[in-house]
Amino acid sequence: MTQDDLTIRSVTHDEAGELLTLRRAAFVTEAQQYGDPNIPPLTQTLDELRADLDAEGVITLGAWSGHRMIGSIRVLIEGTKATLGRFAVAPDLQGRGVGTRLLMAILPYLPDGIEEVWVFTGRDSLQNLALYEKHGYEFEHDRTAGDLTYSYLRKMLGDDDRADA
């Protein structure tokens, strides 16, 4: 796969099954790292995923190589804030720039008035934290939910960010 073969666009309702499969494959390693097979990306049902794709204020982008969905990212819009989540890249293609391309691709999809973008990941997910920090996200705080501790990072958007998109 070359970067030229990569297409990023909104995920349609009809592609929900493929998205569910991608997320489950991508989040298995995260679940193993934390010893918890019940993390939300692995327990979400197809009906719940379809409802999320249809939800107001939710943008879900997918990355395709040919006909294969190889990555995705979900964005929740709340006022002047966007929160990234369910960021997934097919395990066999991780480390090849797909995640970076998805992370950068969200900017043109954000409505006017978004001032900050938040993302959260497991506190021990060092590769994820490094990716976000490399792209200007700064650590803000940790929050514990059950047995997991999540790190929250924030990026303030300026005119430069929009121009780069």
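Visitor: Sorry if this is basic, but what is going on with the side chain of T83 here?
Guide: With respect to the helices, strands and loops of the structure, T83 is situated in strand β4 (residues 81–89). Not counting residues up to four positions away in its chain, the partners in contact with T83 are R74, V75, L76, E78, W118 and F120.

Visitor: How should I be thinking about the pattern of salt bridges in this particular structure?
Guide: Side-chain pairs of opposite charge can arise whenever the charged atoms involved come near each other. Counting across every chain of the model gives six salt bridges. Across the pair R154 and E116 runs a salt bridge, and its minimum N-O distance is 3.0 Å. Of the two residues, R154 sits in strand β7 (residues 148–156) while E116 sits in strand β5 (residues 116–122), which places them 38 residues apart along the sequence. Take E116: its relative accessible area is 15%, and that puts it in the buried class.

Visitor: Sorry if this is basic, but what is going on with the packing of aromatic side chains here?
Guide: For any pair of aromatic rings, the description consists of the separation of the ring centres together with the inter-plane angle of the planes. Inspection of the entire model under this criterion finds four aromatic pairs. On the basis of an interplanar angle of 65 degrees and a centroid distance of 6.0 Å, the ring pair of Y132 and Y137 is categorised as edge-to-face. Per residue, the accessibility class of Y132 equals that of Y137, and both read buried. These aromatic residues form a ring-pair network of at least three members: F87, Y132 and Y137. In this structure, R9 packs its charged tip against the face of W64, placed 3.8 Å from the ring centre. Positioned over the ring face of W118 is K81, at 5.5 Å from the centre of the ring.

Visitor: When you look at the sheet that holds β4 in this model, what are you seeing that I'm missing?
Guide: Strand pairs in the sheet, formed through backbone hydrogen bonds, run parallel or antiparallel to each other. On the basis of which strands lie adjacent, the open sheet formed by seven strands has the order β1-β2-β3-β4-β5-β7-β6 and mixed pairing. Two strands close off the open sheet at either side, each with one partner strand: β1 (6–10) and β6 (138–145). Across the sheet, the mean angle from the axis of one strand to that of its neighbour is 25 degrees, orientation sign disregarded. Here strand β3 (residues 68–78) pairs with β4 via seven bridges, running antiparallel. Directly across from G71, in β4, lies its bridge partner V89. Sheet contacts for helix α4 (residues 98–105): β1, β2 (58–65), β3 and β4; angle to β4, the most-contacted strand, approximately 160 degrees.

Visitor: Honestly, α4 in this entry has me stumped. Any pointers?
Guide: For an α-helix, 3.6 residues make a turn, and residues three or four places apart therefore share a direction. Here α4 has its buried residues at V98, G99, L102, L103 and A105. End-on, the buried residues of α4 take up no more than an arc of 165 degrees, which puts them together on one face. Contact partners of the buried residues in α4: β1, β2, β3, β4 and α5 (126–134).

Visitor: Can you walk me through the side chain of D52 in this structure?
Guide: With respect to the helices and strands, the residue D52 is situated in helix α3 (residues 46–54). For D52, a relative accessible area of 13% puts it in the buried group. At 2.7 Å, the side chain of D52 and the side chain of R74 are in polar contact. In contact with D52, not counting residues within four places along its chain, are Q44, V58 and R74.

Visitor: In this structure, what is going on with the pairing of β7? I would like to understand it.
Guide: Each regular strand carries side chains that alternate between the two faces of the sheet. With seven of nine residues buried, β7 lies mostly within the body of the structure. Pairing of β5 with β7, which is carried by seven bridges, proceeds in the antiparallel orientation. Paired with V117 across the bridge in β7 is K155. Of the strand pairs in this sheet, β6 and β7 are connected by seven bridges, and their pairing is antiparallel. Residue pairing across strands places A145 opposite L148, the latter belonging to β7.

Visitor: What's the story with the nonpolar core in this structure? I'm lost.
Guide: In summary, soluble globular proteins display a tendency toward joint burial of nonpolar side chains. With 29 residues, the main nonpolar core has L84, L110 and Y137 as its most contacted residues. Among the nonpolar cores identified, the runner-up in size contains 10 residues, and V11, A16, L19 and W64 belong to it.

Thresholds, definitions, all that
- Residues numbered from 1 in each chain as written.
- Predicted model: local features only at pLDDT ≥ 70, side-chain atom pairs only at ≥ 80, totals over all residues.
- Heavy atoms only, no water.
- Helix = DSSP H or I, 4+ residues; strand = E, 2+ residues; numbered from the N terminus.
- Contact = heavy atoms within 4.5 Å.
- Salt bridge = Lys/Arg side-chain N within 4 Å of Asp/Glu carboxyl O.
- Buried < 20%, exposed > 50% of the residue type's maximum accessible area, 1.4 Å probe, protein only.
- Phe/Tyr/Trp six-rings, centres within 6.5 Å; stacked < 30°, edge-to-face > 60°.
- Lys NZ or Arg CZ within 6 Å of the ring centre and 35° of its normal.
- Pairing = 2+ DSSP bridges.
- Axes fitted to C-alpha atoms, helices over the stretch in contact; angles between N-to-C directions.
- Arc of directions from axis to C-beta.
- Polar contact = N/O pair within 3.5 Å; in protein donor to acceptor, adjacent residues only side chain to side chain.
- Core = buried A, V, L, I, M, F, W, Y, C linked by side-chain atoms within 4.5 Å.

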